Amino acid sequence: MLKKLLLLTAVVILILVLSLNWRTENVSGERITEELEIQELFETRCGICHNGASPEAPRVSSLKLLPEAQILAALKTGVMKNQAAMLSDKQHKELAAYISEVDAHSESNTIVKGLCSEEMDLTASSSSAQINNWGMGLESHRYQDAENLAIKASNVAKLELDWAFAFPNASRARVQPTISGNTLFTASQQGTIYALNRKTGCIQWTFQADAEVRSALVIGRDSIGQANRLYFGDFNAQLYALDLQKRKLLWKKKADDHPVATITGSLNLYNDKLYVPISSTEVVSAAIESYVCCSFRGAVASFDTKDGSLLWKTQTIAESPKEVGKTAKGIAIMAPSGAPVWTSVTIDTQRNCLYVGTGENYTRPASQTSDAILAFSLTDGELLWSQQTISKDAWNGACVTLDRRANCPEDNGPDADFGATPILVKREAGDLILAGQKSGWVYALDPDNKGAIVWKQLVGRGGMMGGIHWGMATNGEELYVPINDGGVYGLNTDKEKSPGMHALNIADGKILWSTLEEDRCKTTLRGCGPGISAAITLTPEVVFGGALDGVLKAYATDNGRELWSFDTKQDYEAVNGVKAFGGAIDSDGPVIVEDQVFITSGYAKFSEIEGNVLLCFSLKE
């Protein structure tokens, strides 16, 4: 009897073990199947662009640096919402979990380090170090010549890295700092606003915006010059006003209601009014063959700083888009569209107007205000004049993929935006507006003659990433021009590439000197190169510029000789305890005050090298 009982027990155990093994194998098989399905979903929906087919898309290695929540937001409400519209909530979550390699529970994400031990005065007077906006003045000269500026050609080689601040869970660092006294303001890809001690990099306080902030934070001041406000826009085209004393939100307003409107260029502030450039990500949405392209028109708007009320908004294209045909896939083509405002705003107080540059049209027929410098009345937003330098330029994200998708306009391109902010120069011989274009051309326009071209100079061959991309600088007599000239481009094909720094005589556009940079990249990445796409910054004796390969350089203003360089493309020990690493330098430029130089490094777009760091250099004896 006992033997039979033991035998029966053994049989039951064997059945249980076999059943458990079958379940385990079955569950494992289901997991493998699910993982394969998610992988296939990624490869067919995401990887087709992020693995290199679309040069504009961030690389997969960059996406892995982002937390699940941010990827999920991009899929559901952000830049990828049109591409992911056909997917379920479950698929959105699965994709976010599959892509992200960020441990949400790691110490660096749960513990805040680097807080300041003592409070600093945020309301420094106007006589203290100050950089209030992106252009370093209303007229966007990007020129720093304050009396307390210590950096000169004779000592710039003594610059050494002082501290590094890392933005958590970020693959790009592109917000140019603004400064009031000992406080530095910047923002992150996660939408976190930081007030840092500019001497040490410690965190004084933070504020969380709803979305990524990509442009400089504008400092507002009261009647005696004390900093009292902070203004900025986010990726979702929302405007914010913060009270610097109370460190709290005063108001938040939507700048534009188009579903994919965004703010790329920086705001400008004058007479208690904010002037806001409006662009969009519809150029990316157009890559979807089922997307009805396109309905966005660029705009400039003015808001009252007291309560954020809209004073006026003017589209860069007056005519509303309407159906003008169908694509090869039978989807409606809407036109005119596009002419986004990527640039920051330049203010002309004498003529009571502002200047911006526009991008290309997204569809055909094209408008006469794309690839143009526009002048608007500060009072009511009336378009005063437009100077278009390249006509009939229609291009969108469907053109950049290897298969040239249905929404790509016929005879597309050349995608010759004005991304660099126009510069107003006042001269006895007649004021000029200086404008640099992705085509490689620099123009001098007459603001008193509806923007008539006074002279033009071909400095670079041009390219979709510039030519001249984000920003030039001037001292009022010479104009300093950064050139990228990366990749293949259909314009100026007989001109040699000219990546590097160039100086022009403002009076006639004559090139005074050129310092060309050789390729230093030890990689086959398309986004790595010696060209200077980012904005540059000028002092009386030194001009600073950062390249796509991460190298920051200082050039002598008199002849362009190299005075100092630093490769930012490396790892750092950050003051806030976050893993810090540099990459490409793009978009925003260096900031110089007293004996310090600040630069952000890392730009995970256009196949460029990701990074997450703000660096501070100081003169050392």
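Please read these numbers as outputs of a predicted model, since none were measured by experiment.

On to the pairing of strand β23 (residues 432-436), then. With respect to burial, β23 is a largely interior element, five of its five residues being buried. Of the two faces of β23, the one holding Leu432, Leu434 and Gly436 and the one holding Ile433 and Ala435 are both buried throughout. The pairing of strand β22 (residues 423-425) with β23 spans three bridges and is classified as antiparallel. Paired with Val425 across the bridge in β23 is Leu432. A loop of six residues connects β22 with β23, the two strands running antiparallel in sequence, and Gly430 in this loop sits at a positive phi of about 125°. Here β23 pairs with strand β24 (residues 441-446) via four bridges, running antiparallel. Bridged to Ala435 within β24 is Tyr443. The antiparallel hairpin formed by β23 and β24 contains four residues in its connecting segment, where Gly440 sits at a positive phi of about 100°.

This part is about the sheet that holds strand β30 (residues 537-538). Read across the open sheet, the four strands follow the order β30-β31-β32-β33; overall the sheet is antiparallel. Since the sheet does not close on itself, it has two edges, and those belong to β30 and β33 (562-567), each with one partner. Where strand β31 (residues 542-546) meets strand β32 (residues 551-556), five bridges bridge the pair, whose relative direction is antiparallel. In the strand pairing of β32, Val543 is matched with Tyr555.

Take empty space enclosed by the protein next. As enumerated under the stated definition, the model contains three cavities of 30 Å³ or more in all. For the largest cavity, the calculated volume is near 110 Å³. Around the largest cavity, the lining comprises 17 residues; the ones closest to its centre are Trp134, Thr264, Ser344, Trp470 and Ser587. Taken together, the residues that form the lining of the largest cavity break down as four nonpolar, 10 polar and three charged.

Counted under the stated rule, the structure contains 16 aromatic pairs. Ring geometry for Tyr480 and Trp513: centres 6.1 Å apart, planes at 50°, overall tilted. Linking Tyr480 in strand β27 (residues 478-483) with Trp513 in strand β29 (residues 511-516), this pair joins segments that are 33 residues apart in sequence. The two residues Tyr480 and Trp513 agree in class, both being buried.

With that settled, consider the pattern of salt bridges. All told, the structure shown has 20 salt bridges when counted by the stated rule. Two residues, Asp431 and Arg351, come together in a salt bridge whose shortest N-O distance is 3.0 Å. Here Asp431, found in the loop between β22 and β23, pairs with Arg351, found in the loop between β18 (346-348) and β19 (353-357); they are 80 residues apart in sequence, far enough to count as distant. Classification of Arg351 as buried rests on a relative accessible area of 18%. Taken together, the shared-partner salt bridges in this structure form one network comprising Glu517, Arg520, Asp549, Lys553 and Glu562.

Ranked by size, the top nonpolar core spans 30 residues in total, and within it Leu239, Leu267, Val276 and Ile278 carry the most contacts. Mapped onto this core, the elements with two or more residues apiece are β9 (238-243), β13 (273-280) and β14 (299-304). Not counting the four nearest positions on each side in its chain, Leu239 is found in contact with Phe232, Gly233, Trp251, Lys252, Lys253, Ala255, Ile263, Leu267, Val276 and Phe303.

Now for unusual backbone geometry. With an omega of 0°, the peptide bond running from Cys293 to Cys294 counts as cis. The omega angle of the peptide bond from Arg364 to Pro365 is 5°, so this bond is cis rather than trans. By the secondary structure assignment, Pro365 is in the loop between β19 and β20 (372-377). In this model, Asn271 sits at a positive phi of 50°, which is unusual for a non-glycine residue.

Within strand β28 (residues 500-505), five of the six residues are buried, which leaves it mostly tucked inside the rest of the structure. Two elements, β27 and β28, share six bridges in a ladder whose sense is antiparallel. Its bridge partner being in β28, Leu479 is matched across the sheet by Leu504. Relative to β29, β28 is paired through five bridges, and the arrangement is antiparallel. When the sheet's bridge partners are listed, His502 is paired in β29 with Ser514.

With that settled, the discussion passes to the sheet that holds strand β38 (residues 613-619). Backbone-to-backbone hydrogen bonds join strands into a sheet, with any given pair of strands oriented parallel or antiparallel. Here four strands make up an open sheet; going across it, the order is β2-β38-β37-β36 and the pairing antiparallel. Looking at the sheet topology across the chains shown, the edges are occupied by β2 (159-166) and β36 (591-593). Across this sheet, the average inter-strand angle for adjacent strands is 20°, counted without regard to direction. Here seven bridges tie β2 to β38, and the two strands are oriented antiparallel to one another. Bridging across to β38, Ala164 finds its partner in Leu615.

Parameters and conventions
- Residues numbered from 1 in each chain as written.
- Predicted model: local features only at pLDDT ≥ 70, side-chain atom pairs only at ≥ 80, totals over all residues.
- Heavy atoms only, no water.
- Buried < 20%, exposed > 50% of the residue type's maximum accessible area, 1.4 Å probe, protein only.
- Helix = DSSP H or I, 4+ residues; strand = E, 2+ residues; numbered from the N terminus.
- Pairing = 2+ DSSP bridges.
- 1 Å grid on protein atoms, 1.4 Å probe; cavity = no way out; pocket = protein on both sides within 12 Å on 5 of 7 lines; lining within 4 Å.
- Points joined across faces, edges and corners; volume = space filled by probe spheres on them.
- Nonpolar A, V, L, I, M, F, W, Y, C, P; charged D, E, K, R; others polar.
- Phe/Tyr/Trp six-rings, centres within 6.5 Å; stacked < 30°, edge-to-face > 60°.
- Salt bridge = Lys/Arg side-chain N within 4 Å of Asp/Glu carboxyl O.
- Core = buried A, V, L, I, M, F, W, Y, C linked by side-chain atoms within 4.5 Å.
- Contact = heavy atoms within 4.5 Å.
- Axes fitted to C-alpha atoms, helices over the stretch in contact; angles between N-to-C directions.

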